[in-house]
Amino acid sequence: MPEQIYITANCAISKQQVSKNEQVLFIDHEAGLPEFLTAAYKHFELKYPKFYKMDLLSKLGWLATEILLNNNFSTENYKAEEIGIVLSNANSSIDADIRYFDSVKEIASPALFVYTLPNIVIGEISIKHTFKGENAFFIFEKFDTAFIHQYVDSLFQNDLLQACICGWVEVAGDEYLAVLYLIEKEKNMVVEKAAVLFTNENLNKIYQLHNG
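Note that the structure is a prediction, hence the values are computed from the model and not measured.

Enquirer: Just checking my understanding: could you explain the overall build of the protein for this structure?
Expert: Each helix and strand counted, the protein has seven helices and eight strands in total. Across the 212 residues that make up the protein, the buried fraction comes to 49%. For the protein, long-range pairs separated by at least 24 residues make up 67% of all intrachain contacts whose partners lie at least 6 apart in sequence. About 10800 Å² of surface is accessible on the protein, with carbon and sulfur atoms providing 52% of the total.

Structural data, given as structure tokens:
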């Protein structure tokens, strides 16, 4: 019989606001995306100097992950290889690609080149938290919650993971959206009231709340 798995937290960053478990935590309607991400980073009093060197996609995904995990997740409950990351978007690393292409016209920027792959955001998250579990980055025209549910569920049912961060992280020009979910086999006392079953329907319901 398949084990029950839960969405124990979710975080969304879109339209110049940050939300966790459907509660708005930070708003800055005056800032563009680069300034907004830096303002949010400072607001949540995060301390990770490498943040400033990241491309916008990595900043967005990394920041959403920090807020997602804050106060309700402990790596001490898991082995490093039991925690995975499965992300997706529609435009890959297009923002960094364009910036790197523009830099080539004068002097190619190695600092930009390293971010011309979408899965670099997974690397940035994994380095910060020393996650070593299964990871993947998929490109879809739109967020395919059915596929993500099936893929992540299979990792749990085959005992490859005990926890997983999954979702959508997209930056394309002025448009951006991050909707991340923390998936776990066990509900803990901190998040028990907020936890819902890990289903395609619940993934889609949460996503639609932030993509309207």
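Enquirer: Even after reading the chapter, I still don't get the nonpolar core, so can you show me in this structure?
Expert: Nonpolar side chains in soluble globular proteins tend to end up buried together. Residues Ile13 and Trp62 are the most contacted members of the largest nonpolar core, which totals 42 residues. No other element matches the nine residues that helix α2 (residues 56-69) contributes to this core. With sequence-adjacent residues up to four places away left out, Ile13 is seen in contact with Val18, Phe36, Leu60, Leu63, Ala64, Tyr176, Leu177 and Ala178.

Enquirer: Can you walk me through the pattern of salt bridges in this structure?
Expert: If charged atoms from side chains of opposite charge come close, those side chains can pair. Under the definition given, this model contains three salt bridges. Here Glu124 makes a salt bridge to Lys50, at a shortest N to O gap of 3.2 Å. In this pair, Glu124 sits in helix α5 (residues 120-129) while Lys50 sits in the loop between α1 (33-43) and α2, placing the two residues 74 residues apart along the sequence. Assessed through its relative accessible area of 4%, Glu124 is described here as buried. As a salt-bridge pair, Lys128 and Glu66 come within 3.4 Å of each other at their nearest N and O atoms. Placement of Lys128 in helix α5 and of Glu66 in helix α2 is noted, with a sequence separation of 62 residues between them. For Lys128, a relative accessible area of 28% gives the class partly exposed.

Enquirer: So what exactly am I meant to see when it comes to the packing of α1 against α2 here?
Expert: Packed helix pairs are specified by the crossing angle of their axes together with the interaxial distance, meaning the distance between the axes. Between α1 and α2, whose axes approach to 11 Å, the crossing angle comes to 30°. Here α2 runs roughly parallel to α1, going by the angle between their axes. Relative to α2, α1 is oriented so that their crossing is left-handed. Only Leu56, Lys59, Leu60, Trp62 and Leu63 of α2 make contact with α1, whose side of the interface consists of Leu33, Pro34, Leu37, Ala40 and Tyr41.

Enquirer: Please clarify how the side chain of Lys59 should be interpreted in this entry.
Expert: Here Lys59 lies in helix α2. Although Lys59 is buried, it forms no salt bridge, and the closest oppositely charged side chain is Asp55 at an N-O distance of 8.5 Å. With residues up to four places along the chain from it excluded, the contact list for Lys59 reads Leu37, Phe51, Tyr52 and Met54.

Enquirer: What is the right way to read helix α7 (residues 200-210) from this model?
Expert: Each full turn of the α-helix corresponds to 3.6 residues, which orients residues three or four apart in the same direction. Within α7 the residues assigned to the buried category are Leu203, Ile206, Tyr207 and His210. The arc that holds every buried residue of α7, seen down its axis, measures 100°, which confines them to one face. More than 90 degrees from the buried face of α7, the exposed residues found are Glu201, Lys205 and Leu209. Of the surrounding elements, those touching the buried residues of α7 are β1 (6-14), β2 (17-20), α6 (145-157), β6 (163-172) and β7 (175-184).

What counts, and where the lines are drawn
Residues numbered from 1 in each chain as written. Predicted model: local features only at pLDDT ≥ 70, side-chain atom pairs only at ≥ 80, totals over all residues. Heavy atoms only, no water. Helix = DSSP H or I, 4+ residues; strand = E, 2+ residues; numbered from the N terminus. Buried < 20%, exposed > 50% of the residue type's maximum accessible area, 1.4 Å probe, protein only. Contact = heavy atoms within 4.5 Å. Areas by Shrake-Rupley, 256 points an atom, 1.4 Å probe, with all protein chains shown as cover. Core = buried A, V, L, I, M, F, W, Y, C linked by side-chain atoms within 4.5 Å. Salt bridge = Lys/Arg side-chain N within 4 Å of Asp/Glu carboxyl O. Axes fitted to C-alpha atoms, helices over the stretch in contact; angles between N-to-C directions. Parallel < 35°, antiparallel > 145°, perpendicular 65-115°, else oblique. Left-handed = near helix turned anticlockwise from the far one by under 90°. Lys, Arg positive; Asp, Glu negative; His and termini not counted. Arc of directions from axis to C-beta.

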